[in-house]
Amino acid sequence: MAKKDLYQAMLERMTLAIEAEFYLEACWIQYAILEDRLNSVIRHTYPKKGKIFLSDFRGFDRKIDHIIKKIHPENVLCKKSINKHLLESMRKWNDRRSDLMHEISESAEYDT
């Protein structure tokens, strides 16, 4: 499946999840899409070593930090296509998502 088809399928699945009020699933789908886009920026910045680099480079925040501090200032294509404000918005979204995930998992409803 081509990336475009994959993203289209994921967006459709996310829309269905929202319509069915499966917000947790929709949130995870959105997270997967965003993290894949961060990985793509890193892979394309380091064509020879990007995949190897990513195999040891985990974490949404670490990837955003790396792009903001290392890639964005140096890479003309990155500057043209990615706005630092967007990256900061993604970080804030991820922080809110993480808080929500912890809140859900610590909820009394899920205690056994």
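Residues numbered from 1 in each chain as written. Predicted model: local features only at pLDDT ≥ 70, side-chain atom pairs only at ≥ 80, totals over all residues. Heavy atoms only, no water.

This paragraph deals with the overall build of the chain. Regarding its fold elements, the chain presents six helices and zero strands. Counting from the amino terminus, the chain carries its helices and strands in the arrangement α-α-α-α-α-α. Oriented by its inertia axes, the alpha-carbon framework of the chain measures out at about 50 × 30 × 25 Å. Burial statistics for the chain: of 112 residues in total, 31% are counted as buried. (Helix = DSSP H or I, 4+ residues; strand = E, 2+ residues; numbered from the N terminus. Buried < 20%, exposed > 50% of the residue type's maximum accessible area, 1.4 Å probe, protein only.)

For residues with low pLDDT, the predicted coordinates do not support detailed interpretation. Here the chain shows a mean pLDDT of 85. Residues at 70 or above account for 92%. When the elements of the chain are averaged for pLDDT, helix 5 (residues 76-81) gives the smallest value, 79, and helix 1 (residues 3-19) the largest, 90. (pLDDT = per-residue confidence, 0-100.)

Angle between the axes and distance between the axes are the two parameters that describe a pair of packed helices. Orientation of helix 2 (residues 23-45) relative to helix 4 (residues 60-71), taken along the N-to-C sense of each, is 35°, at an axis distance of 10 Å. Both helix 2 and helix 4 take part in a crossing whose hand is left-handed. Contacts from Tyr31, Leu34, Glu35, Leu38, Asn39, Val41, Ile42 and Thr45 in helix 2 reach Phe60, Lys63, Ile64, Ile67 and Ile71 in helix 4. Across the contact of helix 2 with helix 4, the residue classes break down as nine nonpolar, two polar and two charged. (Axes fitted to C-alpha atoms, helices over the stretch in contact; angles between N-to-C directions. Left-handed = near helix turned anticlockwise from the far one by under 90°. Contact = heavy atoms within 4.5 Å. Nonpolar A, V, L, I, M, F, W, Y, C, P; charged D, E, K, R; others polar.)

Given a rise of 1.5 Å per residue, 22 residues ought to cover 32 Å, and the 32 Å separating the end C-alpha atoms of helix 6 (residues 84-105) matches this to within 8%. Those residues of helix 6 that sit buried are Leu87, Met90, Arg91, Trp93, Asn94, Arg97 and Met101. Within helix 6, the buried residues cover an arc of 165° as seen down the axis, which keeps them to one side. Exposed residues pointing more than 90 degrees away from the buried face of helix 6 are listed as His85, Lys92, Arg96, Asp99 and Glu103. Of the surrounding elements, those touching the buried residues of helix 6 are helix 2 and helix 4. One side-chain oxygen of the residue at the start of helix 6 lies 2.5 Å from the amide nitrogen of His85, identifying that residue as Asn83. (Expected span 1.5 Å × (residues − 1). Arc of directions from axis to C-beta. Polar contact = N/O pair within 3.5 Å; in protein donor to acceptor, adjacent residues only side chain to side chain.)

The next thing to look at is the nonpolar core. Counting 18 residues, the largest nonpolar core has Leu38, Ile64, Ile67 and Leu87 as its most contacted members. The set of elements that each furnish at least two residues to this core consists of helix 2, helix 4 and helix 6. Sequence-distant contacts of Leu38, defined by excluding residues within four places in its chain, comprise Phe60, Lys63, Ile64, Ile67, Leu87 and Met90. Membership of the second largest hydrophobic core comes to six residues, among which are Tyr7, Met14, Ala26 and Ile29. (Core = buried A, V, L, I, M, F, W, Y, C linked by side-chain atoms within 4.5 Å.)

The next thing to look at is helix 2. The terminal C-alpha atoms of helix 2 lie 33 Å apart, and with 23 residues this matches the ideal 33 Å at 1.5 Å per residue to within 8%. The set of residues buried in helix 2 consists of Ala26, Cys27, Ile29, Tyr31, Ile33, Glu35, Asp36, Leu38, Asn39, Ser40, Val41 and Ile42.

Take the environment of Thr45 next. Topologically, Thr45 is positioned in helix 2. The spacing of Thr45 and His102 is 57 residues in sequence and 33 Å in space, taken between C-alpha atoms. Among the polar contacts made by the side chain of Thr45, one reaches the main-chain carbonyl oxygen of Val41 at a distance of 2.7 Å.

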